[in-house]
Amino acid sequence: MSTTTTSIGAKKPLADRLPIISHLRMSAGLQRGMLVAGLVLSLIFILAAALAPLIAPFDFAQITDAEGDFPTQAAPGGKFIWGTTVGGFDVFSRTLWGAQTALLVIVMAVVCSIFLGVFLGLVSGYIGGWLDRVLVVVADAIYAFPSLLLAIVMSIVISQGQSSLWGGIMAAAISITVVFIPQYFRVIRAETVRLKAEPFVESAKVVGASTWRIMFKHVFRNATRTLPLIFTLNASEALLTLAGLGFLGFGIEPTKAAEWGYDLNRALSDATSGIWWTGVFPGVAIVLTVLGLTLVGESMNDLGDPRLRMRRKKKRTSGKGAA
Amino acid sequence: MSQHGTPKIATADGRVLSIEDLQVTFTTDAGEVDAVRGVSFEVAAGEVVAVVGESGSGKSVTARTVLGLLAETATARGAVVLRGNNMLALTGRQLRAVRGEDVAMVFQEPSTALNPVYTVGWQIAEGLRAHGKVSKKQARARAIEVLGRVGIPEPEKRVDYYPHQFSGGQKQRVIIAAALALNPAVIVADEPTTALDVTVQAEILELLREVRDEFNTGIVLITHNMGVVADLADRVVVMYQGKVVETAQSLELFSAPREDYTKALLEAVPHLGRNSASAGMSERSGQDKEVLVEATNLEITYPGRMGTPAFKAVDNVSLKICAGEVYGLVGESGSGKTTIGRAIAGLNRTTGGSLKVLGYEMLNFKERTFKPLRQEIGFVFQDPAASFNPQLSIGECVAEPLLVHRKVTPAQARARVDELLEAVQLPKAFADRFPHELSGGQRQRASLARSLALDPKLLIADEPTSALDVSVQAKVLELFKELQTELGFAALFISHDLAVVDMLSTWVGVLYRGKLVEEGIGSQVMSNPSHQYTQRLIASLPVPDPVEQAIRREAFLKTG
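Residues numbered from 1 in each chain as written. Chains lettered and ligands numbered in written order. Predicted model: local features only at pLDDT ≥ 70, side-chain atom pairs only at ≥ 80, totals over all residues. Heavy atoms only, no water.

A.B. asks: Run through unusual backbone geometry, naming residues and quoting values.
C.D. replies: Residues and elements named next belong to chain B. Residue Asp21 is not a glycine yet carries a positive backbone phi of 45°. Here Asp21 is to be found in strand E1 (residues 15-28). A positive phi angle, near 55°, is found at Asn183, a position not held by glycine. With respect to the helices and strands, the residue Asn183 is situated in the loop between helix H7 (168-180) and strand E7 (186-190). Classification of Asn183 by relative accessible area gives buried; the value is 5%. (Helix = DSSP H or I, 4+ residues; strand = E, 2+ residues; numbered from the N terminus. Buried < 20%, exposed > 50% of the residue type's maximum accessible area, 1.4 Å probe, protein only.)

Below is the structure:
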């Protein structure tokens, strides 16, 4: 079935055609609330990541300053507003810097997987035949793996468990990429297989357009409309995978970059001795970021479907709308 | 009738349904849209009221309010009084009590209106058991009774069949049986025959007529087909843009329409035997010219799924299309007419016999060797909404053949697009619009422009007007005819509508289950068919004239 009537118009201003802004404009009621909440959380996350060097009072690996060594496990207050960890890191600074690492990993992971996934999906769906069958089997095989386990294996293969800032980020991003490619592949392939039977693709065939032209001019632009949605949902999954890797000790070394998963791991032993601040802040950061991204993704999903979308009613006049 | 009582009539004058000043508003992204604006009409017991109008006239929405079936985004005002109950004011529970008992619905697509995992007997019984305390046995007995009434042979046995074991026409009979099970005062039939072939349509219309006479049921018939209206309706309500334009007795409406809109609507309906393209011709013209398409004993089979035998869509068909000739191919659904058209365009593979297109043998089809010939073939698809890439502007879509086959600069392409749009009577400015911003008729014109972009020798038109409203269809057909005379291309015109085919093509072929049963000059095939199937096909076609249709119906029932 086609919902092409809701598609992008020609004369509409650019702002109305951008994914999130157009969604915001047509939202109403609870759906609008969800979307706005998600956007605010995501915006805070992005701002924290971008402005970390300006806002954070200390560097992520800093344990001394002019006044000497930082206290360890100091309670929140004074110079260290969110306290310090057992190693003497400032929790506030590390949480802010952690946002930067997280954002970099999300961007790298999604960019790496989106190109390959979309390309393979298009080719596999349109050309079909044995190539399609092989690619689908491979994608299914990757699906069958627990994704975290695969990410661990990948991070060991890529960086031998050791990591610098970029090494760590790339290791995390690539290991996530391996898990994500099948997702993009699947979505684009399914869409391509559907579009292949549409009359407009047949009409391009009748005209005599080459396979590549049909694939990229006619199918591609129609197949990628769901991408912003998967992008947002995958972003939150990428973040969780990164945190999981860090928590298990396969992440980035604390002196190379701040990473929420690693900090949570370190905070494990603190929890029993009543030191709550080392665990709560990175934990809450993970939860809120994932929540924000998921809210945006889910709202986009609902708003993109005309049957799920709520609409503003101008007035309620007498007479009941028959149910 | 059995324990379900005598027909109940609400008011003394026999009115069972009256709609008063109904207004329905939909809340959409673009604000509020008024779909129905102050519609009023009445239906008496034993009367068939046809609500006709083009798509978007609000006829279906009006009918759905009678059952209280409206989308969540709709708000209805006014009154729909069904045997004393205002359907707009009832609660969910009250509505459920009324549905089935007082009003039932017959849907357009019989294959989706039945649940495939239950037997038809179960589905009929479900309605009965939802309404009254009937035992399983009684419900079954009643189901068998109504199935027998609607002409299902061996109802005792067939009651335990699943929907897929019935044909399309029989499924529609089952749905009518389910609607009749509780003996409702009103049946709302929303395009009940649109998804069916003409020969089946004639039978279903006959059944609805019997239902009216035997059960004294009021029928609201929603349709866009004026032939069906002429055949069945007692009274006609013509709707346009959410308003009632005219209400009249059927005979009166067809013989002396009062409103301009009604006149134009009736004028646009193709009438079999009028405006024949081949009127006065006695032999096939233009046979000395170049042969563009030649099929000899053509066979096309679709491979069966695991365990099922292959399906032969086209069986031993031989035909010939010469330059400048319009060949009309008619047949019901599944007759293989579209398959032939697609095979000529290289969209389907042939599996046997020979098909020569512009001298190219399609049996050894290779995309690479066939590609140069593609510029000589234009193709117009059935659904204009789906045959344009929604992401490209009309100008880009029309220019696509030029960009693929000729080395042209954007300016040259643009000039040619302007020229083409002008030829199909669309303003140049439409080149910058997107497909969804055009109406169905405009899109089909643009589609015609695209297929003519390279001045093809052969145009294949696969049901080009069946997705359009009649008034739009008339204009598109007129345009097609003009362009054909002017440019002189040969055309294969595929349609299920005999009247449309007769208007355009001089030579007509009739397909039945993959076989070409008859070929001949259009006007001769239509007026004097020789094959039994063609005779039946033509006899079953309802004409938009109640008097003539009554005579034709008698004749059809005698042959059937």
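That shown, we press on.
A.B. asks: Pulling in residues and values, what's your account of the packing of aromatic side chains?
C.D. replies: Counted according to the given criterion, the structure contains 18 aromatic pairs over all chains. On the basis of an interplanar angle of 50° and a centroid distance of 5.9 Å, the ring pair of Trp276(A) and Phe281(A) is categorised as tilted. You can call Phe281(A) buried: its relative accessible area is 18%. Connected via pairs of aromatic rings, a cluster forms that spans Trp82(A), Phe92(A), Trp276(A), Trp277(A) and Phe281(A). Seen from the ring of Phe430(B), Arg433(B) lies directly overhead, with NZ or CZ sitting 4.3 Å from the centre. A cation over an aromatic ring shows up here: Arg450(B) above the ring of Phe388(B), its NZ or CZ 4.4 Å from the ring centre. (Phe/Tyr/Trp six-rings, centres within 6.5 Å; stacked < 30°, edge-to-face > 60°. Lys NZ or Arg CZ within 6 Å of the ring centre and 35° of its normal.)

A.B. asks: Tell me about empty space enclosed by the protein, and name the residues and values.
C.D. replies: Scanning all chains against the criterion turns up ten cavities of 30 Å³ or more. Its boundaries defined by the atoms lining it, the largest cavity holds a volume of some 140 Å³. As for the largest cavity, its lining consists of 15 residues, and the residues nearest its centre are Val207(A), Ile377(B), Gly378(B), Arg450(B) and Ser451(B). Of all the secondary structure elements, the ones that give two or more residues to the lining of the largest cavity are helix H8 (199-207) of chain A together with strand E16 (377-380) and helix H16 (440-451) of chain B. Taken together, the residues of the lining of the largest cavity break down into nine nonpolar, four polar and two charged. Reported here for the second largest cavity is a volume of approximately 90 Å³. As for the second largest cavity, its lining consists of Ala202(B), Leu205(B), Glu206(B), Asp231(B), Ala539(B), Ser540(B), Leu541(B), Pro542(B), Gln549(B), Arg553(B), Phe556(B) and Leu557(B). If you tally residues by element for the lining of the second largest cavity, the top one is helix H21 (residues 546-559) of chain B, at four residues. (1 Å grid on protein atoms, 1.4 Å probe; cavity = no way out; pocket = protein on both sides within 12 Å on 5 of 7 lines; lining within 4 Å. Points joined across faces, edges and corners; volume = space filled by probe spheres on them. Nonpolar A, V, L, I, M, F, W, Y, C, P; charged D, E, K, R; others polar.)

A.B. asks: Which residues make up the nonpolar core, and what values do they have?
C.D. replies: Core analysis: the biggest nonpolar cluster contains 58 residues, and Ile106(A), Tyr184(A), Ile214(A), Val219(A), Leu227(A) and Trp260(A) have the highest contact counts within it. At the level of elements, helix H3 (29-55), helix H4 (91-127), helix H6 (147-159), helix H7 (165-196), H8, helix H9 (211-223), helix H10 (227-247) and helix H12 (277-304) of chain A are the ones that each hand at least two residues to this core. Of all the elements, H4(A) adds the most residues to this core, at 14 residues. By size, the runner-up hydrophobic cluster in this structure holds 55 residues, among which are Val120(B), Leu180(B), Leu182(B) and Leu205(B). (Core = buried A, V, L, I, M, F, W, Y, C linked by side-chain atoms within 4.5 Å.)

A.B. asks: Before we move on, can you summarise the environment of Val417(B) with the specific residues and values?
C.D. replies: Residues and elements named next belong to chain B. Relative to the helices and strands, Val417 resides in helix H15 (residues 410-423). Under the relative-accessibility criterion, Val417 is labelled buried at 2%. Val417 sits 32 residues away from Ala449 along the chain, and the two C-alpha atoms are 8.2 Å apart. Not counting the four nearest positions on each side in its chain, Val417 is found in contact with Gly395, Val398, Ala399 and Ala431. (Contact = heavy atoms within 4.5 Å.)

A.B. asks: Hey, could you go over the sheet that holds strand E19 (residues 507-512) of chain B for me, with residue numbers and the actual values?
C.D. replies: All names here are of chain B. Spatially, six strands are ordered E16-E17-E18-E13-E19-E20 in an open sheet, and the strand pairing comes out mixed. Every other strand in the sheet has two partners, leaving E16 and strand E20 (515-521) as the edge strands with one partner each. Taken over all neighbouring pairs, the strand axes of this sheet differ in orientation by 15° on average, direction set aside. In this sheet, E19 lies alongside strand E13 (residues 326-330) in parallel orientation, the contact comprising four bridges. Counted as the bridge partner of Gly328 is Val508 from E19. Its contacts with the sheet place H16 against E16 and strand E17 (458-462), and it is angled at close to 170° to E16. (Pairing = 2+ DSSP bridges. Axes fitted to C-alpha atoms, helices over the stretch in contact; angles between N-to-C directions.)

A.B. asks: Mind laying out the packing of H4(A) against helix H5 (residues 129-144) of chain A, listing which residues take part and the relevant values?
C.D. replies: Axis angle and axis distance: for two packed helices, these are the angle between their axes and the distance between the axes, and together they describe the pair. Residue and element names in this part refer to chain A. Between H4 and H5, the shortest axis-to-axis distance is 7 Å and the interhelical angle comes to 135°. Classed by the angle they form, the pair H4 and H5 counts as oblique. Of the two elements, H4 crosses H5, and the hand of that crossing is left-handed. Only Gly129, Leu131, Asp132 and Leu135 of H5 make contact with H4, whose side of the interface consists of Leu120, Val123, Ser124, Gly125 and Ile127. A class-by-class count of the residues in the contact of H4 with H5 yields five nonpolar, three polar and one charged. (Parallel < 35°, antiparallel > 145°, perpendicular 65-115°, else oblique. Left-handed = near helix turned anticlockwise from the far one by under 90°.)

A.B. asks: Can you tell me about the pairing of strand E2 (residues 31-44) of chain B, naming the residues and giving the values?
C.D. replies: Residues and elements named next belong to chain B. Sheet topology places E1 next to E2; eleven bridges connect them, and they run antiparallel. Bridge pairing in E2 places Thr28 opposite Gly31. Connecting E1 to the antiparallel partner E2 that follows it, the hairpin turn spans two residues.

A.B. asks: Give a description of H8(A) that names residues and reports values.
C.D. replies: Among the nine residues in H8(A), seven count as buried, and that is most of the element. Within H8(A) the residues assigned to the buried category are Phe200(A), Val201(A), Glu202(A), Ser203(A), Ala204(A), Val206(A) and Val207(A).

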